[in-house]
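Here are the chains, one letter per residue:
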Amino acid sequence: MAEFRMPSLGADMESGTVLEWLVGPGDQVRRGDVVAVVDTDKAAIDVECFDSGVIERLLVQPGEKVSVGTPLALIAATGADAGPAPPETAARPRETPPPAPHPAALSPLVRRRAAEAGLDIATLTGTGPGGVVTAADVDHALHPAVPVAAPLVPSVTPGPPEPVVAAAPGARIHVSPYARRLAAERGVDPTVLRGSGPDGVVHARDVPAVPAPVVTNGAGPAPVAATALRRATAALMARSKREIPHYYLALDIDLGPALDWLRAHNRAIPVAARVLPAAVLLRAVVLAAQAVPELNGHWIDDRFVPGRGVQLGVAVSLRGGGLVVPVIRDAGTLGLDDLMARVREGGERARTGRLRSSEAGGATITVTNLGELGVDAVDGVIHPPQVALVGFGAVRPRPWAAGDAVLVRPVVTATLSADHRATDGALGARLLREIDRRLRRPEEL
Amino acid sequence: MTAPRHDLTPLEARTLVLDVLRTVSPGPALDALGPHDDLRDALGLDSLDFLAVVTRVSERTGRRIDEDDYDGLADLDGWVGLLTTSDPAL
């Protein structure tokens, strides 16, 4: 019997609210299946299952807010993979250390976080159910002087209670509670939607995304209550500017060779696999981060903890406003085409507000590309506890000196915001030069 | 999927492109879209969205749309023009 627990979906997440179950008792699930939707205050996230088997029991009801590591459901092993299935080792075979001798910290994510922070779980006091060590316990051990590291994210569901259930009393049977709430927020009548669930049940994914209308009262724009996403971004960015002494570097890069190469590459592959220039830039950043590992990782407890692999955060701006950062896991193991496929999938899910748990949180370096918005450069804000953020502006034809001649070349400005506690300008400069060097040899990307 | 062997009529082409755009960016902006409106501006499409449109139109018509065609695809009229012209690959 395995326990499916509330995962940690970001460095600043302490708890989450189960919005919706997509499975029920008796349902067969496989590792990687999306089984629940969890609200982290930043986003509703599709949470994937770590184990295969049959759902035995749901332990937490929709609407309940529980801390990271709390068991959410029990999963019984099925005949095929019966036997005393080790509860957690199936989760992330490559990233999870061998089963810890201490049984009171079962969540692989908590274990990993503790490992990243250099903490021995056996020395921690668990405050979770049954004395389980939770992510909050790890954080408290890391920041003993700041017992409430929690205000990063509003710890209690903020705002007025949602009057949503009452809003659509007639639609109760075919619409999940979360979908009904979303529909109400977006001004959509949920009863006219086509459900994708069993028996046509309307789930959140079926509610079309519509930008929130701005309400005015005729005397100028009315104050609009900040959304949970806005507040979470505000808290994270404020913490960054409060704690991190940023330094900023910039470098103009001639993208001519990379774009010429990419055009030829794209002619030779199916349309659906086509690679965008943005993915080429990301690939160059991944290679550069591997070459300058001092900028790939986290600043925790007054020291730099190098990332294991490149966990690449890719900032995506949402149509209705707001910022979401899906994480491409182990980006260093992906070639350009695979990286593009992940960008495409992650971007689509971020846009529809349906990130998966495996792509939420844990980035070791983040890239923000504002080129689409028509600006030339961005001096970004680092996402703590990361120590670097790479930015790109628009690729534009610009005058470019080549020897004694001035040519018109497609040029992009790459910028780096880096944490001066972790590195100095010399290392930062190396990262930008490395990006440039990689882009000059696109055939090696 | 079998590619249509006849050229699309302007109406068929327009309907097809609007159908595909609806999968990427549904809403009032699409309903109000004029034939010469810039698709990226009017619908807020970014390059990922645009690629999704290109991919889906390619799938539904069996016609390979290359990056060299992009310059002509800024508005609905451009799309109709491309799809009603014989596919050089056929």
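Data block above holds the structure.
These numbers come from a predicted model, not from an experiment.

Some points on the overall build of chain A
When helices and strands are tallied, chain A shows nine helices and 20 strands. Taking all 445 residues of chain A together, the buried fraction comes to 50%. Sequence-distant contacts, at least 24 apart, represent 63% of the contacts inside chain A between residues at least 6 apart. Of the roughly 20200 Å² of accessible surface on chain A, 57% is carried by carbon and sulfur atoms.

Looking at the packing of aromatic side chains
Residues and elements named next belong to chain B. As enumerated under the stated definition, the model contains three aromatic pairs over all chains in all. Between the aromatic rings of Phe50 and Tyr70, the centroid separation amounts to 5.1 Å while the plane-to-plane angle is 85°, which identifies the pairing as edge-to-face. Here Phe50, found in helix H4 (residues 47–61), pairs with Tyr70, found in the loop between H4 and helix H5 (76–83); they are 20 residues apart in sequence, far enough to count as distant. Accessibility classification places Phe50 together with Tyr70 in one group, the buried group. Chaining the aromatic ring pairs together yields one cluster made of Phe50, Tyr70 and Trp79. Sitting over the face of the ring of Phe50, Arg40 holds its NZ or CZ atom 4.6 Å from the ring centroid.

Observations regarding the sheet that holds strand S4 (residues 34–39) of chain A
Spatially, five strands are ordered S7-S2-S4-S5-S16 (chain A) in an open sheet, and the strand pairing comes out mixed. One side of each edge strand has no neighbouring strand; the edge strands of this open sheet are strand S7 (65–67) and strand S16 (355–356) of chain A.

Overview of the interface of chain B and chain A
Taken together, the contact between chain B and chain A spans 20 residues of the former and 20 residues of the latter. Taken over both partners, the interface formed by chain B and chain A buries close to 1600 Å², and the fraction arising from carbon and sulfur atoms is 45%. Three residues, B:Leu48, B:Arg64 and B:Glu67, lead the burial of chain B against chain A; their summed loss comes to 37% of the area buried on that side. Taken together, chain B and chain A are joined by three salt bridges. With a closest N to O distance of 2.4 Å, A:Arg263 and B:Asp68 form a salt bridge. Joining chain B to chain A, the criterion identifies nine residue pairs in polar contact (both at pLDDT 80 or more). Elements that contribute at least two residues to the side of chain B that touches chain A include exactly helix H3 (39–43) and H4 of chain B.

Reading the values: rules and limits
- Residues numbered from 1 in each chain as written.
- Chains lettered and ligands numbered in written order.
- Predicted model: local features only at pLDDT ≥ 70, side-chain atom pairs only at ≥ 80, totals over all residues.
- Heavy atoms only, no water.
- Helix = DSSP H or I, 4+ residues; strand = E, 2+ residues; numbered from the N terminus.
- Buried < 20%, exposed > 50% of the residue type's maximum accessible area, 1.4 Å probe, protein only.
- Contact = heavy atoms within 4.5 Å.
- Areas by Shrake-Rupley, 256 points an atom, 1.4 Å probe, with all protein chains shown as cover.
- Phe/Tyr/Trp six-rings, centres within 6.5 Å; stacked < 30°, edge-to-face > 60°.
- Lys NZ or Arg CZ within 6 Å of the ring centre and 35° of its normal.
- Pairing = 2+ DSSP bridges.
- Buried area = accessible area lost by both parts, 1.4 Å probe.
- Salt bridge = Lys/Arg side-chain N within 4 Å of Asp/Glu carboxyl O.
- Polar contact = N/O pair within 3.5 Å; in protein donor to acceptor, adjacent residues only side chain to side chain.

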